[in-house]
Structure formats: C-alpha cells, structure tokens
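Listed below are the residues making up each chain.
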Amino acid sequence: MRSGFAAITGRPNAGKSTLLNKIVGEKVAIVSRKPQTTRTKILGVHTEDDVQIVLIDTPGIHKPHNKLGQRMEKYIYSATQDIDVLVYVVDCGISDAELEAERDALRGLSRSDVPVVLAVNKIDTMPRLSLLPVLDKLKDIYDFSDIVPLSAQKGTNVDRLIETISGFLGEGPKFFPDDAITDQPERQIVSEFIREKALRLLNREVPHGIAVEIERMTQRESGTYEILAAIYCEKQSHKGIIIGKGGEKLKDIGRQARQDIERFLGEKVYLELWVKVKENWRNMENFITEMGFEKK
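Computed from a predicted structure; not experimentally measured.

Rules and cut-offs
- Residues numbered from 1 in each chain as written.
- Predicted model: local features only at pLDDT ≥ 70, side-chain atom pairs only at ≥ 80, totals over all residues.
- Heavy atoms only, no water.
- Axes fitted to C-alpha atoms, helices over the stretch in contact; angles between N-to-C directions.
- Helix = DSSP H or I, 4+ residues; strand = E, 2+ residues; numbered from the N terminus.
- Parallel < 35°, antiparallel > 145°, perpendicular 65-115°, else oblique.
- Contact = heavy atoms within 4.5 Å.
- Nonpolar A, V, L, I, M, F, W, Y, C, P; charged D, E, K, R; others polar.
- Buried < 20%, exposed > 50% of the residue type's maximum accessible area, 1.4 Å probe, protein only.
- Polar contact = N/O pair within 3.5 Å; in protein donor to acceptor, adjacent residues only side chain to side chain.

On to the packing of helix 1 (residues 16–24) against helix 5 (residues 158–166), then. Axis separation between helix 1 and helix 5 bottoms out at 10 Å; the angle between their running directions is 85 degrees. When the interaxial angle is binned, helix 1 and helix 5 end up roughly perpendicular. Across the interface between the two elements, Leu19, Lys22 and Ile23 of helix 1 pack against Val158, Leu161 and Ile162 of helix 5. The residue makeup of the contact of helix 1 with helix 5, split by class, is five nonpolar, no polar and one charged.

Take the environment of Val117 next. Along the chain, the position of Val117 falls in strand 5 (residues 116–121). Given a relative accessible area of 0%, Val117 falls into the buried group. Remark: the alpha-carbon pair of Val117 and Val87, spanning 30 residues in sequence, is separated by 4.9 Å. Once residues within four sequence positions are removed from consideration, Val117 is found in contact with Val85, Leu86, Val87, Tyr88, Asp146, Val148, Leu161, Thr164 and Phe168.

Checked against the element boundaries, Lys197 lands in helix 6 (residues 186–201). Note on Lys197: relative accessible area 5%, which makes it buried. Sequence separation of Lys197 and Arg258 is 61 residues, and the distance between their C-alpha atoms is 9.9 Å. Once residues lying within four places of it in the same chain are set aside, the contact partners of Lys197 are Lys27, Ile253, Gln256, Ala257 and Asp260. Of note is the side chain of Lys197, whose polar atom sits 3.0 Å from the side chain of Asp260.

Next comes the structure, spelled out in structure tokens:
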C-alpha cells in the first residue's frame, strides 16, 4: 500500500477547490469566482486499489488585511509542512506580470526536500498552440518535479495528476477507510454550502464579510434534517442586501444551498436561515475561533 499527503495550493482563483472535488469525486470544498472562497484547510481523500492520497486544499495565497486573513495565511503554511508532495495550481491564462507573483509565492512555500508538481489548470479555455508558450514560461519560475496541464472543471488529465502524485508516495498505512472522502464534520460542510451560495448570489462588497454558523441540526425519525443557520455580516446595510426585497435574496440562498445539502446528506432538508450583524467580526479573535477557525 502506498499512501501519503499532498497539499494543494496556489494563488486565488486558480481552481484549487474544483481540483480537489474532481480528484475526490464528491463536492467537499465550495467553489466560486470570488477570491478567498476557501478559508481553512479542507481535507479530501482519494483511495483506489493500493493507493490512498490525503489531499489538503488551502486558501489562496494573498496578503492578509485582517485577523481572519492572518489565520488563513497560517493555514496555508501549516498545510505545507509534513507532506509528501506539493501541488501548485496555476491558471493557464496567467499574464507575464503575474509570473513574478507566482515565483514569489513559490519561494515562500518551497522546501528543498518536498517535490513540487505544477498543475496548469483551465486548459480547456485556451487553444493548444497558445498553451505551449505559457508552459515554457512557467518552467522557468521554479524547479518543478513535474508539470501537468489539466482542466479540473472538465476532468482532463486529472487522472494523470493522480498518477503523478502517487509516484511520490512511499509505502504506508491507510489513514482513512475506503469510503471516506473528507474529515470535515457534516455541520461544517453544510455551513460552507450556505456560504458558497451567498458568495455566488451577493454583490462584490458583501461576501467576504460573511460567516455562517449552524445553530441547530437535528434529524427526525423519518430521516428529514431540520437545520437552523445564522448568516453573519459586518454591517447593518449588508443585512438588508442579504435578505433582499421581500426576503427573496435570502430565499434564493436557502433554496440553492438546500439542494447541495440534500445531495450531500442523502435526505430531505428543512433549512431556515437568519441574518445577524456582527460588526468587524473578521478582526475579533474570539469570534473567529468560535466560528471554527482554529488558532495555528
């Protein structure tokens, strides 16, 4: 049996969480086009035949602007310790100006004894002839152990990436049962599904000031789940935006989140959402901890 740990990292919007979900085969990490969608380390498990890969998805590498951002930065660097391979994800549409930012990020993460595999993502959005010069430029920013062009969205070459990661693993035990896909508690995944829909449905200035807390989650004898969740925002004006005219925006968030939650839990779900204001919560250490962001 070969087994080990692989951290997935990179700058915001490279497609790290989409890649994790594709490798695992289930949605365990939320996805949106907004930067900093992922806030904590998210663990996914891929098991097949005689190989088990424990994958750690991390927040996008960025300069922190508040206490929450500082916690996220610590998650990134703690996730890259004690691993067998680092998967660094880059958008194939990267500009020449962004290459230097990628070089700096890699320099900050690099450890000489850990192989780094470059996953060049979103190749489905670029003609093959245009991709080749991009790959040539990327080769020069770091001494990568391997480079895998892929599309996490379409699944193109993801099997090749899995094979590449497996090649860097040594003999070891299974860390999780064959049917495990993540170590996240159900409540955490449910809260993230709700936050994902808020990210997708709300305008630009609101989403990063949102947190979701599952206040109650119970299951009836019939199997149906009753879930009460609070959406926290930082400003009173944002509360009105989240609720929307006649409560329509909040209903849309709940409706879309419920679909994902029911798919994940395999049961019918009754979901009730509330909106609460907690001014400047992203700079409140105790509240951040209460919301599940562990100190590192």
